[in-house]
Amino acid sequence: EANQWTPRGGFTLARDYAGVADEALAARFRVGLIDISWRWRVMLDGARAGEFAARLLTRDAAQLAPGGSLKAALLADRGGVRGTGLIARFGREGFLLVSAAPDAAWIADAAARFDVGFRDVTEEDGGLALVGPYAAATLARAGLDPDLEPLAFKRQFWRGLDITLSRWGELGGYELWCEAGDALILWDRLMRAGEPFGIEPLGLDAADILDLEAGIARPLRDWDPAKDGNASAPSPRALGIESLIDEDHTAFNGRTGWLAARDGEAFRLAGLLIEAEDAAPFTPVTWQGRTVGHTLSSVMSPALRRAIAFARLEVALAEPGTALSLTLSPTKDRPEFRTVAAKVCDLPFLPPPDPITP
């Protein structure tokens, strides 16, 4: 109603519906519904699809049983991070890759070398995320069984719709996938089912707040993917995503470059608690008068009642508890530069809002 629209991933989506702070708090304390149709999704299929997925990703997707999924990174030849994503095995020869940033040409070219089919299905399906303590109760009231472990998924026929229910997201909720033409029906059903629990639709701004609170740095928003095959940056260690790498998996692309560069990283991703309510994106961070890094995405967290930020900091100063400072730019209400304190903290800033078992 406020005509607040913004592009993301080739789609035009609502920035907010009824107020960013109210939406973010609804997802943390009640339940929220988010349009995630913009997430890039491709199907990989063929006799060597498992072998290809194992080479492509930093964890061995070939070992997945049908119905299983895992999260991993994709590295350039010299170890720079091209992206992160989830891969799910839909059958003996079929895999679905889901990512926040497309990388079609590179993956399609590599898939062809393994005689693996590559099909972009992003516009074929609609996707909705249901997050918050009452996400499971909302599903149950809608007639869907919410008993699903994290990273699991199941396909089913529900009141005339073919849907896939998954728990692939980082915010502790559920995702529902359907044919694109059925997405509005799915949206309306979930909004009606969630009414007793105070459900709110969430725009991209509120979703970004939840991402930051949960410590999720996104490609294209917080860091630039290593699209040059010879790039060694950004490194997995610098982005704090080495947990997505299985060191026992020895055959993935970029492994040699990652191992060679991992101990020489001078900067690391950290969280900053800012002693102000004004967000400070892409702002220099100082320690004893010396610039030691800069912020990335920054938002005002309604739950923490202060601004928070991701920051790229010198490794020695990225330890939790380190006192730093940054300068806020002038605003309409406060037309002067202000230097404020900031403190390094562990990520995530807040745990994801886990669903309550109905």
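Procedures and definitions
Residues numbered from 1 in each chain as written. Predicted model: local features only at pLDDT ≥ 70, side-chain atom pairs only at ≥ 80, totals over all residues. Heavy atoms only, no water. Helix = DSSP H or I, 4+ residues; strand = E, 2+ residues; numbered from the N terminus. Rg over C-alpha atoms; globule rule 2.2 N^0.38 Å. Buried < 20%, exposed > 50% of the residue type's maximum accessible area, 1.4 Å probe, protein only. Contact = heavy atoms within 4.5 Å. Areas by Shrake-Rupley, 256 points an atom, 1.4 Å probe, with all protein chains shown as cover. Lys, Arg positive; Asp, Glu negative; His and termini not counted. Charge placed at Lys NZ, Arg CZ, Asp CG, Glu CD. Pairing = 2+ DSSP bridges. Axes fitted to C-alpha atoms, helices over the stretch in contact; angles between N-to-C directions. Arc of directions from axis to C-beta. Salt bridge = Lys/Arg side-chain N within 4 Å of Asp/Glu carboxyl O. Core = buried A, V, L, I, M, F, W, Y, C linked by side-chain atoms within 4.5 Å. Phe/Tyr/Trp six-rings, centres within 6.5 Å; stacked < 30°, edge-to-face > 60°. Polar contact = N/O pair within 3.5 Å; in protein donor to acceptor, adjacent residues only side chain to side chain.

## Some thoughts on the overall build of the protein chain
Part 1: Summing up its helical and strand segments, the protein chain has eight helices and 19 strands in all.
Part 2: Its C-alpha atoms give the protein chain a radius of gyration of 21 Å, near enough to 21 Å, the size a compact globule of 358 residues would have.
Part 3: When its C-alpha atoms are laid out on the principal axes, the protein chain stretches across 60 × 55 × 35 Å.
Part 4: Residues counted as buried form 54% of the 358 residues belonging to the protein chain.
Part 5: A sequence separation of at least 24 residues applies to 67% of the contacts in the protein chain between residues at least 6 apart.
Part 6: Only carbon and sulfur atoms are counted for the fraction: they give 49% of the accessible area of the protein chain, which is about 16,200 Å².
Part 7: Positive and negative side-chain charges of the protein chain, numbering 38 and 50 respectively, have mean locations separated by a distance of 2 Å.

## Comments concerning the sheet that holds strand 13 (residues 200-202)
Part 1: One open sheet accounts for six strands, arranged 10-11-12-9-3-13; its pairing is mixed. The sheet terminates laterally at strand 10 (153-158) and strand 13, the two strands that pair on one side only. Taking each pair of neighbouring strands and ignoring which way they run, the sheet shows an average axis angle of 25°.
Part 2: Inspection of the sheet shows strand 10 paired to strand 11 (residues 161-166) by six bridges, in the antiparallel sense. Bridging from a neighbouring strand, Phe157 pairs with Asp162 of strand 11.

## Re helix 3 (residues 104-113)
Part 1: Within helix 3, the full set of buried residues consists of Ile107, Ala110 and Ala111. The arc that holds every buried residue of helix 3, seen down its axis, measures 105°, which confines them to one face. Opposite its buried face, helix 3 presents the exposed residues Ala105, Ala112 and Arg113, each directed more than 90 degrees away.
Part 2: Asp115 lies just past helix 3 and shows a positive phi near 60°.

## Notes on the pattern of salt bridges
Part 1: Summed over all chains, the structure comprises 24 salt bridges.
Part 2: Where Asp263 meets Arg237, a salt bridge forms, and the shortest distance between an N and an O atom there is 3.5 Å. Remark: Arg237 occurs in helix 7 (residues 236-239) and Asp263 occurs in the loop between helix 8 (255-261) and strand 14 (267-274); sequence separation between them is 26 residues.
Part 3: Among the residues examined, Arg237 registers a relative accessible area of 28% and is labelled partly exposed.
Part 4: Between Arg306 and Glu275 there is a salt bridge, and its shortest N-O distance comes to 3.1 Å. In this pair, Arg306 is assigned in strand 17 (residues 306-314) and Glu275 in the loop between strand 14 and strand 15 (284-287), connecting sequence segments 31 residues apart.
Part 5: Using a relative accessible area of 25% as the deciding quantity, one classes Arg306 as partly exposed.
Part 6: Judged by its relative accessible area of 48%, Glu275 is partly exposed.
Part 7: The network of salt bridges with common partners includes Arg8, Glu170, Asp208, Asp211, Arg218, Arg221 and Asp222.

## Re the sheet that holds strand 17
Part 1: Read once around its circumference, the closed barrel built from six strands follows the order 14-17-16-15-18-19, with strand pairing classed as antiparallel. With direction set aside, neighbouring strand axes in the sheet form an average angle of 40°.
Part 2: Pairing of strand 16 (residues 290-301) with strand 17 involves seven bridges; the strand directions are antiparallel. Within strand 17, the position partnered with His294 by the bridge is Arg312.
Part 3: The strands that helix 6 (residues 204-213) touches are strand 16 and strand 17; relative to strand 16, the one it contacts most, it runs at about 130°.

## Looking at the nonpolar core
Part 1: Counting residues in each nonpolar core, the largest one holds 43 residues, and the members touching the most others are Ile34, Trp168 and Phe310.
Part 2: Those residues in contact with Ile34, other than ones at most four positions away along the chain, are Gly127, Leu128, Ala129, Val131, Trp187, Leu202 and Ala207.
Part 3: By size, the runner-up hydrophobic cluster in this structure holds 25 residues, among which are Leu33, Leu144, Ile163 and Ile199.

## So, the environment of Ala152
Part 1: For Ala152, the position within the fold is in the loop between helix 4 (135-142) and strand 10.
Part 2: Between the C-alpha atom of Ala152 and that of Asp248, which follows or precedes it by 96 residues, the distance is 23 Å.
Part 3: The residues contacting Ala152, other than those within four sequence positions of it, are Ser69, Leu165, Ser166, Arg167 and Trp168.

## Some words on the packing of aromatic side chains
Part 1: Enumeration over the complete set of coordinates arrives at eight aromatic pairs.
Part 2: Seen in terms of ring centroids, Trp168 and Trp177 are 6.1 Å apart; in terms of plane orientation they differ by 40°. Their pairing is tilted.
Part 3: Judged by relative accessible area, which is 9%, Trp177 ranks as buried.
Part 4: An aromatic cluster of at least three residues, connected via ring pairs, comprises Phe90, Phe153, Trp168 and Trp177.

## Observations concerning the side chain of Thr283
Part 1: With respect to the element layout, Thr283 can be found in the loop between strand 14 and strand 15.
Part 2: Accessibility expressed as a relative area gives 11% for Thr283, which makes it buried.
Part 3: Engagement of the side chain of Thr283 in a polar contact is seen with the backbone oxygen of Ala280, the distance being 3.4 Å.
Part 4: Apart from the residues within four sequence positions on either side, Thr283 is in contact with Gly293, His294, Thr295, Leu326 and Thr327.

## A closer look at the environment of Asp211
Part 1: Position of Asp211 relative to the elements: it lies in helix 6.
Part 2: Sequence separation between Asp211 and Trp177 is 34 residues; the distance between their C-alpha atoms is 20 Å.
Part 3: Non-local contacts of Asp211, meaning those with residues more than four positions away in its chain, are made with Leu171, Ile216, Arg218, Arg221 and Phe310.

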